[in-house]
Amino acid sequence: MKTIKLMSLVIAMGMLASCVSVAPPLVELQKPKIALVLGGGAARGFAHIGVIRTLEQEKIPIDMIVGTSVGSLIGAIYASDMNSFELEWTAFALEKDSIFDYGIMNAFTGMGLANGDKLEEFVRTKIATSNIEDLKLPFVAVATDLNRGTRVVLDRGSVAKAVHASSAVPGVFNPVEHQGRLLVDGGVMDNIPIAVAREKGADIVIAVDISENLANFNITNLVDVMLQAVNIMFNENVRYKKKEADVLITPHVGSVAMLDFTQKKRCMQAGIEATQKAMPEIRKRIEEWGKNKTAQK
């Protein structure tokens, strides 16, 4: 009798279980890996601060920063702390004399008019983290191998040395010996390194181009000549590469001279305005990425 009751109970429990619907397993929502690519352009680079501040305010996550020249400097400062207000305070302390250590003997015995030691010291003073791999945010600086004529990706080792190498404008700064190579400004090969961000696994690339407007009618000395020549070269290699970005932000800073450090606020405001204008496209790209991932599943 007990056996019959036990069997009846088992059957009843089985029938009840068959009537209970099993919830499908929860699907973890994936988020795109977003890279911010900051191009070179000397003093115009203060526009990058406005771009970063706006992205932060709009809650757009930055998962990686790739920078060339001044883009590497601004990018490294932000990657060390991930605070746009601290970035602004730090960057606004930067003056021409903070990075250019011209010397008469350099023109005769060196390979540039400035050593770049001041630039390295500025980075060491403002960024507590010594090595790239220890920064809070993944960061890459792009330089150029002067001997081999190839692009060099700096994603480990000294932050200060990487920024120095990435910013070493040929003729203006001495080339930088780093990691067994002789390096100069990354803009010689890739002034807006979108491809590097892709290689590092970025799903969405937001690139900032500050190389617009080549016109300069205030060329009065050797440094002006070299910077204008470099600016022309940078602009040319950006022309086609910038099309590879998912979203291209172009702050209107073209009338700011490469060494005009008096226009910081204007450049920053231009970065804010250009990013605000780009926000619908940024959100659209993120939404499309999410839909494509959902459809694939």
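Here we summarise the structure given alongside this text.

Conventions we followed
- Residues numbered from 1 in each chain as written.
- Predicted model: local features only at pLDDT ≥ 70, side-chain atom pairs only at ≥ 80, totals over all residues.
- Heavy atoms only, no water.
- Helix = DSSP H or I, 4+ residues; strand = E, 2+ residues; numbered from the N terminus.
- Areas by Shrake-Rupley, 256 points an atom, 1.4 Å probe, with all protein chains shown as cover.
- Axes fitted to C-alpha atoms, helices over the stretch in contact; angles between N-to-C directions.
- Parallel < 35°, antiparallel > 145°, perpendicular 65-115°, else oblique.
- Left-handed = near helix turned anticlockwise from the far one by under 90°.
- Contact = heavy atoms within 4.5 Å.
- Nonpolar A, V, L, I, M, F, W, Y, C, P; charged D, E, K, R; others polar.
- Expected span 1.5 Å × (residues − 1).
- Bend = angle between axes of the 7 residues up to and from the residue.
- Buried < 20%, exposed > 50% of the residue type's maximum accessible area, 1.4 Å probe, protein only.

Of the regular secondary structure elements, the chain holds eleven helices and ten strands. A total accessible area of about 15,100 Å² is found for the chain, and carbon and sulfur atoms account for 57% of it.

So, about the packing of helix H7 (residues 117-126) against helix H8 (residues 159-166). Orientation of H7 relative to H8, taken along the N-to-C sense of each, is 140 degrees, at an axis distance of 9 Å. What the angle tells us is that H7 and H8 run oblique. Of the two possible hands of crossing, H7 and H8 adopt the one that is right-handed. Residues Asp117, Leu119, Glu120, Val123 and Arg124 of H7 touch H8, and the partners they reach there are Val159, Ala160, Lys161, Val163 and His164. Classifying every residue of the contact of H7 with H8 gives five nonpolar, one polar and four charged.

Moving on: helix H11 (residues 264-296). With 33 residues, H11 extends 45 Å from end C-alpha to end C-alpha; this agrees with the ideal 48 Å at 1.5 Å per step. The largest bend in H11 is about 45 degrees, located at Ala278, with the proline Pro280 one to four residues further on. Along H11, the positions that sit buried rather than exposed are Lys264, Cys267, Met268, Ala270, Gly271, Ile272, Ala274, Thr275, Ala278, Met279, Ile282 and Trp289. In this structure, the buried residues of H11 make contact with helix H2 (47-57), helix H4 (84-92), strand E9 (204-208) and strand E10 (247-249).

All quantities given are derived from atomic positions and should not be read as evidence of function.
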